[in-house]
Amino acid sequence: MMRKKTSTEGSNTPHHKAAADALVIFGVTGDLVHKMVFPALYSMIKSGVLRIPVVGVAGSLWTVGQLRKQATHSIKQAGKIDDRKAFDRLLSQLQYVGGDYHDPETFKALKRALGSARHPAYYLAIPPALFPTVIENLGAAGLADQARVIVEKPFGRDLMSARTLNRVAQSVFPEDAIFRIDHYLGKEAIMNLLYFRFANLFFEPIWNRNFIASVQITLAEDFGVKSRGAFYESAGCLRDVIQNHLFQVVALLAMEPPAYQGLGAVHSEKAKVFQAMRPLRIGDVVRGQYAGYRQEIGVAKRSDVETYCALRLFIDSWRWAGVPWYLRSGKCLATTATEVLVEFKRPPQSLFDDGPSSRDRANYLRFRLSPASAVALAARIKRPGKQFVGDQRELYLLEEMAGSEAPYERLLGDALAGDGTLFTREDAVEAAWAVVDPVLKRPRPAQPYKRGSWGPKEADALIAADGGWCNPRLIDASAV
Ligand code: BG6
């Protein structure tokens, strides 16, 4: 965790400091809560992070008994119940309020359920279209004072809607009481990017356009949209994972060193990266759609929504001028893995007889972000023999992730404690939308691609000048 600077940031107002004394989950009967949030709450109870009432809110007229049943099912599905006492405690801390989010009565009922709680945290795990309604009704019911709101992604669907949403949220909550979730920021491997860069001095002199030729980031998934067809139709790959998750990875890799030890400094440096990104042009983006997507439940028969997206990005800053950043993500690809490849420039002269080995990649640094976390540094080493020829080999730093907190556990715990380090700030979110906005408006048609492939071949042309895509591969010593 970053050390905090308290005096200069002006962000330690009472609502910010006080630990939350109730957690309210809007959309408690939904998919996200079932898959991610109940298991996270259970872990938080086990580790002693969650000792406050949890009030679930949703449109259905459920009883608290039904909610407990749902929580039990969710926790069992995610693993086993290995701490009966903690599990019982979680169930006993649950309450339920059912009602229409448009109806002020729902918020009166919520007020009653909150009882004496003074610093509730409202977690909006609901469709984005409902964010403004819920936020405004919280304000109108007098429930927002000294409280905080945790907003799930997607935060807006373009620049204009993100601005509107920010305005609505800020008309009810101060900025430092708004916690915008990007679960990538709660992943250990992603936090390690920040740590690795700024805890090791030796990279700093070469971490710039003078030594780095290009950077590529791949977020590949070997599965389709599953039951989320309807949601996906409203989003597409660029909105779903690139504008947020992958842009956050870019920001951590590209940001300047924070000027002081504090979360405000990290947020500001990240925002500057988004501000320095050149708005995308149509020719910088390739969209794809996997075969059979249009037959998925909830998907339009003639849908042009992209399930794959590749793009070329430039950051027009002193450090990164001229360095291309290639990002791609897709569903139904050949594997499930997320990886960053930072490729260095070649030595200015070839002194040796490697000949065709110049077709190899130049030296690179590979960050494996998932499924496991690892770093590989590739360097050339001479083969034994009379000739001066060699091979590129990888040095590995492998990290055992056992026992690490899952992203939702980490982020909800931080939000309840009032720590906004791993959340996104208004200016950064808007600047990131400004980069993708031009290509959201008039996209080129999505190209079909086969399931289990690496996406449409048109994406290869984007990166041809920089050695092509490097598909993620296992990092382990035997793979050398
Ligand atoms: C979510 C997207 O935000 O991130 C999903 O909505 C995607 O479509 C997921 O599969 C990827 O996250 P993770 O943690 O599974 O890599």
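Within each chain, residues carry numbers counting from 1 in the order of the written sequence. The predicted origin of the model limits local features to residues at a pLDDT of at least 70 and limits the giving and counting of side-chain atom pairs to 80 or more, whereas totals for whole chains, interfaces and linings rest on all residues. With hydrogens and water stripped out, all remaining heavy atoms of the structure feed into the side-chain values.

**A look at the side chain of Glu269**
Secondary-structure assignment places Glu269 in helix H11 (residues 263–276). Classification of residues uses two cut-offs on accessible area relative to the type maximum, computed with a 1.4 Å probe and protein chains only: under 20% is buried, over 50% is exposed, and between them is partly exposed. The buried category is assigned to Glu269, whose relative accessible area is 9%. Where helices and strands are cited, they refer to DSSP runs of H or I of at least four residues and of E of at least two residues respectively, numbered from the N terminus.

**Description of unusual backbone geometry**
Cis geometry marks the peptide bond from Lys153 to Pro154; its omega dihedral reads 0°. Summarising the element assignment, Pro154 is placed in the loop between strand E5 (148–151) and helix H7 (159–172). The omega torsion across Ser370 and Pro371 is 10°, close enough to zero to call that bond cis. Mapped onto the secondary structure, Pro371 falls in the loop between strand E12 (364–370) and strand E13 (373–382). Positive phi, close to 60°, is recorded for Gln146, a residue that is not glycine. Structurally, Gln146 can be placed in the loop between helix H6 (131–140) and E5. You will see that Cys332, though not glycine, has its phi angle at about 55°, which is positive. In this structure, Cys332 sits in the loop between strand E10 (324–330) and strand E11 (337–344).

**Some points on helix H4 (residues 84–93)**
Three or more residues of H4 are buried, namely Ala86, Phe87, Leu90, Leu91 and Gln93. Taken down its axis, H4 places every buried residue within 165° of arc, on the same side. Exposed positions of H4 whose direction lies more than 90 degrees from the buried face are Arg84, Lys85 and Ser92. In this fold, the buried residues of H4 make contact with helix H2 (31–46), strand E2 (54–58), helix H3 (64–78) and strand E3 (94–98). To obtain the arc, one takes the directions from the helix axis to the C-beta atoms. Only heavy atoms enter the contact rule, under which two residues are in contact if any of them lie within 4.5 Å.

**Considerations on the sheet that holds strand E9 (residues 308–314)**
In this analysis, strands are considered paired if DSSP registers two or more bridges between them. The sheet built from 9 strands is open, its strands ordered E14-E13-E12-E11-E7-E10-E9-E8-E15 with mixed pairing. The two strands at the open ends of the sheet, each matched to only one other strand, are strand E14 (390–399) and strand E15 (447–449). Across the sheet, the mean angle separating the axes of adjacent strands is 20° when strand polarity is ignored. In terms of strand pairing, E12 meets E13 through 5 bridges, oriented antiparallel. Paired with Arg368 across the two strands is Ala374, which belongs to E13. For helices, the fitted line uses only the C-alpha atoms of the stretch in contact; every axis is such a line through C-alpha atoms, and the angle between N-to-C directions lies from 0 to 180 degrees. Its contacts with the sheet put helix H8 (residues 188–199) on E12, E13 and E14, and the angle it makes with E12 is roughly 145°.

**Focus: the site of the ligand**
The near set for a molecule or strand comprises every residue that places at least one heavy atom within 4 Å of it. What surrounds the ligand is the set Lys153, His183, Tyr184, Lys187, Glu221, Arg228, Asp240, Val241, His245 and Lys331. Think of a polar contact as two N or O atoms within 3.5 Å of one another; within protein, one of them needs to be a possible hydrogen donor and the other a possible acceptor, and neighboring residues in sequence only count if both atoms come from side chains. Tyr184 has a polar side-chain atom sitting 3.1 Å from an oxygen atom of the ligand. Between the ligand and Arg228 there is a distance of 2.7 Å, counted from an oxygen atom to a side-chain nitrogen or oxygen. Notes on the ligand: free accessible area 390 Å², of which the protein chains cover 77%. Per-class residue counts for the shell around the ligand are 2 nonpolar, 2 polar and 6 charged. Here the accessible surface of atoms and residues is derived via Shrake-Rupley with a 1.4 Å probe, and residues count as covered only by protein chains that are part of the display. Any residue that is not Ala, Val, Leu, Ile, Met, Phe, Trp, Tyr, Cys, Pro, Asp, Glu, Lys or Arg is counted as polar, Gly included; the first ten are nonpolar and the last four charged.

**Focus on the nonpolar core**
Grouping buried Ala, Val, Leu, Ile, Met, Phe, Trp, Tyr and Cys residues that are joined through side-chain atoms within 4.5 Å yields what is termed a nonpolar core. Among the nonpolar cores identified, the biggest contains 148 residues, and Phe26, Leu41, Tyr122, Trp325 and Phe367 are the most heavily contacted of them. Looking at this core element by element, the count peaks at 12 residues for helix H10 (residues 237–254). Each domain's extent is set by a domain assignment, obtained either automatically or from a database. When we break this core down by domain, the ones giving at least three residues each are domain 1 (22–152) and domain 2 (185–410 + 420–479). What Phe367 contacts, discounting residues up to four positions off in sequence, is Leu193, Phe196, Trp207, Leu253, Thr338, Glu339, Val340, Val342, Ala374 and Val375.

**With respect to the packing of aromatic side chains**
Two aromatic rings from Phe, Tyr or Trp, using only the six-membered ring of Trp, form a pair when their centres are within 6.5 Å; if the ring planes differ by under 30 degrees the pair is stacked, by over 60 it is edge-to-face, and anything between is tilted. Applying the stated criterion across every chain, the model contains 17 aromatic pairs. Between Phe203 and Trp207 the ring centres are 5.9 Å apart and the planes differ by 70°, which places this aromatic pair in the edge-to-face class. Of the residues examined, Phe203 reaches a relative accessible area of 5% and is grouped as buried. On the basis of relative accessible area, Trp207 is assigned to the buried category, the value being 3%.

**Notes on the domain arrangement of the protein**
On domain assignment, one finds that the protein holds domain 1 (22–152) and domain 2 (185–410 + 420–479). For domain 1 and domain 2, the distance between their C-alpha centroids amounts to 34 Å.

**Here we look at the sheet that holds E2**
Strand order in the open sheet formed by 6 strands is E3-E2-E1-E4-E5-E6, with parallel pairing between adjacent strands. Sheet topology places E3 and strand E6 (178–180) at the edges, where each strand pairs with a single neighbour. Between one strand axis and the next, the sheet turns through 20° on average, direction left out of account. Here 4 bridges tie strand E4 (residues 120–124) to E5, and the two strands are oriented parallel to one another. By the bridge assignment for E5, Tyr123 is matched with Ile150. Packing against the sheet, H4 makes contact with E2 and E3, and its axis sits at approximately 30° to E3.

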